[in-house]
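# Fold and contact review
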Amino acid sequence: MFYIYCPYCQEHREEEEFHAAGQAHIARPADPDNCTDEEWGDYLYFRKNPRGLHHEMWVHAAGCRKFFNMTRDTQSYEIKEVYKMGEQPQIVSEQDSIARGTA
Amino acid sequence: MTQNNRLSSGGRIDRSQPLTFTFNGKQYQGFKGDTVASALLANGVDIVGRSFKYSRPRGVIAAGAEEPNAILQMGATEATQVPNVRATQQELFDGLVCQVTNGWPSAEFDVMGLVGKAGGSFMPPGFYYKTFMYPQSMWDTYEKCIRKAAGLGRSPRENDPDIYDHINQHVDVMIVGGGAAGLAAALSASRSGARVILADEQAELGGSLLHASESIDGRPASEWAAEVIAQLEACDNVQLLPRSTVNGYHDHNFLTIHQRCTDHLLDCAPIGQARQRMHRVRAKWVVLATGAHERPLVFANNDVPGCMLASAVTTYIKRYSVVPGERLVLMTTNDSAYQAAFDWAESGRFVVAIVDTRAHPGGDVIDEANRRGLKVIAGSAVIEVKGSKRVTGVSVSAINQLGDKALGPVKHLTCDTVASSGGWSPAVHLSCHTGSRPVWRDDVIGFVPGNSQQKQLTAGAINGTAALSTCLQEGFQAGREAAINAGFDTVPSISLPKVDERHIGAAMALFHIPHSKPTSRAPKQFVDFQTDVTAAGIEIATREGYESIEHVKRYTAMGFGTDQGKLGNINGMAIAAKSMNKTIPETGTTIFRPNYTPVTFGAVAGRHCGELFDPKRYSAMHSWHLKNGALFEDVGLWKRPWYFPQAGESMQESLNRECKAAREGVAILDASTLGKIDIQGKDAREFLGRIYTNAWAKLAIGKCRYGLMCGEDGMVFDDGVTACLADDHFVMTTTTGGAARVLEWLELYHQTEWPEMEVYFNTVTDQWSTMTISGPNSRKLLSELTGDIDLSRDAFKFMDWHEGTVAGVPARVFRISFTGELSFEVNVPANYGLYVWEKVFEHGAKYNLTPYGTETMHILRAEKGFIIAGQDTDGSVTPIDLGMDWCVSNQKPYSYIGKRGMNREDCLRKNRKQLVGLKTKRSDVVIPEGSQAVADPNEPVPMTMLGHITSSYYSACLGRSIAMGMIRDGFERMGQTVYYPQPDGSVIEAEICSPIFLDPKGERQNV
Ligand SMILES: [Zn+2]
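Residues numbered from 1 in each chain as written. Chains lettered and ligands numbered in written order. Predicted model: local features only at pLDDT ≥ 70, side-chain atom pairs only at ≥ 80, totals over all residues. Heavy atoms only, no water.

## Looking at the pattern of salt bridges
Residue and element names in this part refer to chain B. For the structure on display, the rule yields 55 salt bridges over all chains. We note a salt bridge from Arg-502 to Glu-368, for which the minimum N-O separation is 3.1 Å. Within this pair, whereas Arg-502 is found in the loop between strand 29 (499–500) and strand 30 (526–528), its partner Glu-368 is found in helix 9 (residues 364–372), the two being separated by 134 residues in sequence. Judged by relative accessible area, Arg-502 falls into the partly exposed class, the value being 28%. By relative accessible area, which is 13% here, Glu-368 ends up buried. Two residues, Lys-386 and Glu-384, come together in a salt bridge whose shortest N-O distance is 3.1 Å. Shared partners join several salt bridges into a network, and the residues in it are Arg-56, Arg-58, Asp-303 and Asp-532. (Salt bridge = Lys/Arg side-chain N within 4 Å of Asp/Glu carboxyl O. Helix = DSSP H or I, 4+ residues; strand = E, 2+ residues; numbered from the N terminus. Buried < 20%, exposed > 50% of the residue type's maximum accessible area, 1.4 Å probe, protein only.)

## Considerations on the UniProt feature "domain: GCVT N-terminal" (unreviewed entry) in chain B
Here, UniProt's "domain: GCVT N-terminal" (unreviewed entry) annotation points to residues 621–892 of chain B. Structurally, residues 621–892 of chain B is divided into 26% helix and 29% strand, and its ends, taken at the C-alpha atoms, are 41 Å apart. (UniProt positions renumbered as here; feature names shortened; annotations may be inferred.)

## Description of the nonpolar core
Residues Phe21(B), Phe23(B), Val36(B), Tyr316(B), Leu330(B) and Ile354(B) are the most contacted members of the largest nonpolar core, which totals 59 residues. If we skip the residues at most four places from it in the chain, Phe23(B) touches Tyr28(B), Leu40(B), Val45(B), Ile47(B), Val48(B), Leu72(B), Cys98(B), Gln99(B) and Val100(B). (Core = buried A, V, L, I, M, F, W, Y, C linked by side-chain atoms within 4.5 Å. Contact = heavy atoms within 4.5 Å.)

## Some remarks on the sheet that holds strand 4 (residues 53–59) of chain A
Taken in spatial order, the 4 strands of this open sheet run 3-4-5-6 (chain A), and their pairing is antiparallel. Looking along the sheet, the strands with just one partner apiece sit at the ends: strand 3 (19–23) and strand 6 (79–84) of chain A. The average undirected angle you get between the axes of adjacent strands in this sheet is 35°. As defined by bridge partners, strand 3 of chain A adjoins strand 4 of chain A across 3 bridges and the pair is classed as antiparallel. Each bridged residue has a counterpart across the sheet, and for His19(A) the counterpart in strand 4 of chain A is Val59(A). Set on the sheet, helix 20 (residues 739–753) of chain B makes contact with strand 3, strand 4 and strand 5 (67–73) of chain A; between it and strand 5 of chain A the angle comes to about 80°. (Pairing = 2+ DSSP bridges. Axes fitted to C-alpha atoms, helices over the stretch in contact; angles between N-to-C directions.)

## As for the coordination of the zinc ion
Angles at a metal have ideal values that depend on geometry: 109.5 degrees with four tetrahedral donors, 90 or 180 degrees with six octahedral donors. Residue and element names in this part refer to chain A. Listed as protein donors to the zinc ion are Cys-6 (SG), Cys-9 (SG), His-60 (ND1) and Cys-64 (SG); their distances from the metal cover 2.0 to 2.3 Å. Around the zinc ion sit 4 donor atoms; with metal-centred angles ranging over 107 to 115°, the donor geometry is tetrahedral. For the zinc ion, the single-chain donor residues occur in sequence as C-x2-C-x50-H-x3-C. Residue Cys-6 is found in strand 1 (residues 3–6), and its partner His-60 is found in the loop between strand 4 and strand 5; the two are separated by 54 residues along the sequence. Judged on exposure class, the residue Cys-6 and its partner His-60 are both buried. (Donors = N, O, S within 2.8 Å, 3.2 Å for Na, K, Ca; no water. Tetrahedral: all angles 85-135°; square planar, octahedral: opposite > 155°, others 65-115°.)

## Let's talk about the UniProt feature "domain: SoxA A3" (unreviewed entry) in chain B
According to UniProt, the positions carrying the feature "domain: SoxA A3" (unreviewed entry) are residues 523–606 of chain B. As annotated, residues 523–606 of chain B has a helix share of 44% and a strand share of 6%, and its two end C-alpha atoms lie 47 Å apart.

## Notes on the interface of chain B and chain A
Each partner contributes to the interface: chain B provides 31 residues, whereas chain A provides 29 residues. Taking both partners together, chain B and chain A bury about 2,600 Å²; carbon and sulfur atoms supply 46% of that area. Here Glu747(B) ties to Arg65(A) by a salt bridge, and the two come within 3.3 Å at their closest N and O atoms. On the surface where chain B and chain A come into contact, there are 23 residue pairs in polar contact (both at pLDDT 80 or more). For the side of chain B that touches chain A, the secondary structure elements donating two or more residues are strand 15 (274–288), helix 20 and strand 39 (760–763) of chain B. Residue contributions to the side of chain B that touches chain A peak at 8 residues, all from helix 20 of chain B. (Buried area = accessible area lost by both parts, 1.4 Å probe. Polar contact = N/O pair within 3.5 Å; in protein donor to acceptor, adjacent residues only side chain to side chain.)

## Remarks on unusual backbone geometry
Residues apart from glycine generally show negative phi values, whereas peptide bonds are mostly found in trans. Cis geometry is adopted by the peptide bond preceding Pro409(B), which originates at Gly408(B) and carries an omega value of -10°. Checked against the element boundaries, Pro409(B) lands in the loop between strand 22 (393–398) and strand 23 (411–414). Note the cis peptide between Pro594(B) and Asn595(B), where omega equals 5°. When you line up the elements, Asn595(B) lands in the loop between helix 15 (584–587) and helix 16 (601–605). Phi at His25(A) is positive, roughly 60°, even though this residue is not glycine. Within the fold, His25(A) resides in the loop between strand 3 and helix 1 (37–45).

## Quick word on the domain arrangement of chain B
All names here are of chain B. You can read the domains of chain B as domain 1 (1–159), domain 2 (164–292 + 426–500), domain 3 (296–422), domain 4 (518–593) and domain 5 (910–1007). Taken together, the contact between domain 1 and domain 4 spans 21 residues of the former and 17 residues of the latter. The contact between domain 1 and domain 4 buries some 1,600 Å² in all, and 61% of this surface belongs to carbon and sulfur atoms. Viewed at the interface, domain 4 and domain 1 are joined by 1 salt bridge. Asp-532 is paired through a salt bridge with Arg-58; the nearest N and O atoms lie 2.7 Å apart. One can count 5 residue pairs in polar contact (both at pLDDT 80 or more) joining domain 1 with domain 4. When its residues are assigned to classes, the side of domain 1 that touches domain 4 shows 8 nonpolar, 7 polar and 6 charged. (Domains from an automatic or database assignment. Nonpolar A, V, L, I, M, F, W, Y, C, P; charged D, E, K, R; others polar.)

## Overview of the packing of helix 5 (residues 180–190) of chain B against helix 11 (residues 468–485) of chain B
Residues and elements named next belong to chain B. One can describe the packing of helix 5 onto helix 11 by two numbers: an axis separation of 7 Å at closest approach and a directional angle of 35°. Seen along the crossing, helix 5 lies across helix 11 with a hand that is right-handed. Judged by residue contacts, Ala-180, Ala-181, Ala-184, Ala-185, Leu-187, Ser-188 and Ala-189 of helix 5 engage Leu-468, Cys-471, Leu-472, Gly-475, Phe-476, Gly-479, Arg-480 and Ala-483 from helix 11. (Left-handed = near helix turned anticlockwise from the far one by under 90°.)

Listed below in structure tokens is the structure:
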């Protein structure tokens, strides 16, 4: 049972008020009609499943109804940070920062 | 029966309060302060159960949570039955009724025992594992026999009369364990002002201090404990929870505590009191002071009643004033166990010998044994126990210094009790619950807690600390540190009391006592008593190639009992390691998981049972439905009228009547449960266009439109009608079950993809009552109730909505139709719902206004071929598959959700399953929903499946059965015949047709 800080309510609340909403930072392609089936399939179905740091989206469903982002260690379940929609994580895994640098 | 083993004085029992209890149908006496186990031992009851696999008689081994044998079925009545109660933890009360769990037909004589004695070939190690690998039939054969013979306790067949509570708590410092370290931690944490909870599984706080031989500040340790407890009780910021087991330590410092509030008083809680309480605690910092469990040694026939833990012997003598025998042989690898022999001797009974496995034992205890004149046999071990229902003697032999060889000669000693100690295993269970791996320490000869992600400290014996003074010091330190970490800056430190204790000599790392015969041929040497795992069994497992300890565990079932192998696991690991020539840390440890001890279902459920099991939602008209005999259907959390039977009607007769009323007269449906979402903002219209598959740009104020909602994969997931109230204001309806999901879906896209859009959503489902008045007479009826809404055909067109009053109440009226008839949906504020509904009936009486429920609604819409999202769709169906191309726009500039998905190659291919109508050849046969279609009913299995039935009913209006279903390439197969084989061997034949069975041109509503 996680203890989650909602960046909008600015309070810790029990996990029961939230649910996870999948991997964060997956932007809808700007021009879906010009995506190949493979590109669209990647957007729709392919997700990371890292052991360690993961950026995921949560929603304060039984609270303020806001979606927000969380950096969480999938091994220890430690929540490293929460941040609002549109913001970028402060804590990233080495792999991620390499990918970011080359992107 | 008299309490032959009870001493005349001493202990912590109250001799002025004798209690009578029943064990296996026989009455016994004990005293207030006894556990069932101590009372049974006082009465000389040796056998408390039969073992799981070999059915050997078993006696009490331990005095606490680690007890593997004395597992009882409790309860004086059927309704109060509780299985899996450890006799060592259940306090005695007057009138307590209990019996052995595993034993058939009785614990004294057991048929299965003969099987066990015949070599145990009936169930060799790996029996369960192998059985599961073989055909199911083999398990079926054995299962009944095993269950009946071994027994695992049983649940009551009547409702539990007791109340169970849940309580949520937030604390600064949570201390687990009320022994020396825990009390010290609580004392120092409490001085900071921090909010502290201290929980302990025992009836009395104090742990080993209650029977300790050490003195603190010149007084008995128990007096120091009493004084600290009194100080803590006086603190407002401290909550002490005895009889409360911390069963789970979960992520982010969340702990579940199982408090037994009245289990020690009566069979059933006093009226108005909760029997048990589950505390759900979120702690800033946690101090684990859970202590340690003594390990028994593994030797031949070590399960014969009379074999006990050395510390349990001390506990029974000092706390309960019970000496569980006459003649004691103590076997030990360490100093601490000597206390058991000293206590035994002091009680006036005979200590035959202390058998010490160490060649040169050397602590203070040796001097004391000599001073007391007790015989110490060093460098030796009890290699075998004699006796079956009770120990009659032991074989003692010298052993080598490695402890893996019996050197002989074998000497016989007569005794009735064998106490053993292989040292202490820190109780690391809770520290493992959140994924931390324990770490082996050679100096401790045990696993201690490993690194943890939790905000957790440990103190005392859990760290492998043996000396009382060090336990106290660690406790004071941990309590202080926890309070500081939790944000309290002024934490006065407490000076350590002076402890008078013995110097402790080095222990020997020995787990498995060698026999003069090889392990495989020696009498059984038990490792896990509850699952009957032996040393030989573990050796077989490693010989068969199971090298991972997790595999050994599954192969042998070690640690699979309700005690989770508290006594046996470390010994088992040591034996596995030795037989593989590895060290224990190389072999690794198994992981303990919640719960630490079994928790009752009552405590897990709390008040969430019966009426409060799940929330229920009712419409404002619910009382009317009840009064008028509705039967109800659960739709999500809603209770919806299913149909309204009249006296003497069958269900089908009711449906026929309701359907006909809607088609021929006038009928009414409570549609309040449909999800309603208010959408406002200047970009609301554009937003709808992106969410729905059809066009919304031109929907005029005063109009409504049906829409389909898809996922990005192009699959339909909800539908409904949305009305335009103003250019920047819409009300969307959703399916009853989909309302919450749709609202979250809208929020998701607004918040994550299109935050620049000015649009707001709010649920208004509960704010409006909705009644659908349907049928040729609906206009006539409604016109009697409204003066300000012109209901005429041309003033109030199909798919229009108007605002006005109905029965004098402000209303929004929609001319929409889910039945195909002339139909008006009246929405009024929910507080007026019942009033308006009753007014409609007042006027409707002369039209024979008929209420109908969800079943008739389904039939009426199926006659018209209207889909129900979630029934006719299943997440694999596009609008095109449903034949609803008319509801998909290709003109919208924005690539709305679902557009790209439904244009994937797979969605465009030929031969997809499509929604069609199905007419059975025999008009009275209704195809069961879910039936699978095949082209050739005589095709050998596996047959080629074409699709399945999604909706199927008998239509009274059409005088025949109708169905909708998915059929591969169905649109191209109109007129063809398909077959639906049934489980009873029959086959239903049906013709593929349009799903619109009635009024395909829509003329009925166009009046
Ligand atoms: Zn929030």
